[in-house]
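Okay, here's what each chain looks like letter by letter:
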Amino acid sequence: MNIRTINSTDALNDVLQDSDALVNFTSEAIASLAPAVSLSRDGTAKLINGPAYPVDADVDAKAISSLVTNEQRLVVITDSIDKSEQFVAQLSEFDITCVVCVLDQLCAADAFMDEEDSEAVAERLRQLGYI
């Protein structure tokens, strides 16, 4: 298993190889040119050409391993290594090559300054004559 940290899903292009397939453990769908593992309501796994939809942590690793050939590797995208740890361990039992891409947590813009802080900054800028 190879673990890489990426700062956004756009950075996946630097990691992906031609024969890769994606498994998405994040909470949002990820657009990619690589085929993605998709699960039907009954738990049947298949590879689709389209967005990589999120899968649950209790996904059947054996079913997914049957989709992958010897030349392919799975690229597991997660926002927390804990979510995919058991899945990747199960895949290694089936001799499936995996790369785990952990998304960096990006801060929301409003996490830096709340409303009270922004009012204080605005007041200080007024005092200095900038506003």
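Q: Is there a simple way to think about the overall build of the protein in this case?
A: Along its length, the protein carries 3 helices and 6 strands. When the helices and strands of the protein are listed from N to C terminus, the series reads β-β-β-β-α-β-α-β-α. Here the C-alpha atoms of the protein give a radius of gyration of 20 Å, more than 25% beyond the 14 Å that 2.2 N^0.38 yields for 131 residues. With respect to the three principal axes, the spread of C-alpha positions in the protein is 65 × 30 × 25 Å. The buried share of the protein, taken over its 131 residues, is 34%. Intrachain contacts of the protein at a sequence separation of at least 6 include 60% that bridge at least 24 residues. Surface accessibility of the protein: about 8,500 Å² in total, with carbon and sulfur atoms responsible for 47%. Separation of charge centres in the protein, based on 8 positive and 23 negative side chains, amounts to 3 Å.

Q: Where do I start with the pairing of strand β6 (residues 97-103) in this structure?
A: Note on strand geometry: in a regular strand, side chains alternate between the two faces of the sheet. Here β6 lies mainly inside the structure; 6 of its 7 residues are buried. Judged from the 6 bridges that link them, strand β5 (residues 73-78) and β6 form a sheet pairing that is parallel. The partner of Val76 across the bridge, within β6, is Val100. For the crossover that starts at β5, traverses helix α2 (residues 81-93) and ends in the parallel β6, the hand is right-handed.

Q: Can you help me understand helix α3 (residues 115-127) in this one?
A: Note on helix geometry: an α-helix contains 3.6 residues per turn, so any two residues three or four positions apart are oriented the same way. The terminal C-alpha atoms of α3, which comprises 13 residues, lie 18 Å apart, in line with the 18 Å expected from a rise of 1.5 Å per residue. Positioned one or two residues after α3, Gly129 has a phi angle of 85°, which is positive.

Q: Sorry if this is basic, but what is going on with a nonpolar patch on the surface here?
A: Judged by side-chain polarity, Met113, Val121, Leu125, Leu128, Tyr130 and Ile131 come together as a nonpolar surface patch covering roughly 610 Å² of accessible area. Mapped onto the elements, Leu128 comes out in the segment after α3.

Q: I would appreciate a short explanation of the side chain of Ser32 in the present structure.
A: Tracing the backbone shows Ser32 in the loop between β2 (21-24) and β3 (36-39). There is a polar contact of 3.2 Å between the side chain of Ser32 and the backbone nitrogen of Ala34. Among residues more than four places away in sequence, those in contact with Ser32 are Leu16, Leu22 and Gly50.

What counts and how
Residues numbered from 1 in each chain as written. Predicted model: local features only at pLDDT ≥ 70, side-chain atom pairs only at ≥ 80, totals over all residues. Heavy atoms only, no water. Helix = DSSP H or I, 4+ residues; strand = E, 2+ residues; numbered from the N terminus. Rg over C-alpha atoms; globule rule 2.2 N^0.38 Å. Buried < 20%, exposed > 50% of the residue type's maximum accessible area, 1.4 Å probe, protein only. Contact = heavy atoms within 4.5 Å. Areas by Shrake-Rupley, 256 points an atom, 1.4 Å probe, with all protein chains shown as cover. Lys, Arg positive; Asp, Glu negative; His and termini not counted. Charge placed at Lys NZ, Arg CZ, Asp CG, Glu CD. Pairing = 2+ DSSP bridges. Right-handed = clockwise from strand over helix to strand, strands pointing away. Expected span 1.5 Å × (residues − 1). Patch = residues over 30% accessible without salt bridge, like charges linked within 9 Å, V, L, I, M, F, W, Y side chains within 5 Å. Salt bridge = Lys/Arg side-chain N within 4 Å of Asp/Glu carboxyl O. Polar contact = N/O pair within 3.5 Å; in protein donor to acceptor, adjacent residues only side chain to side chain.

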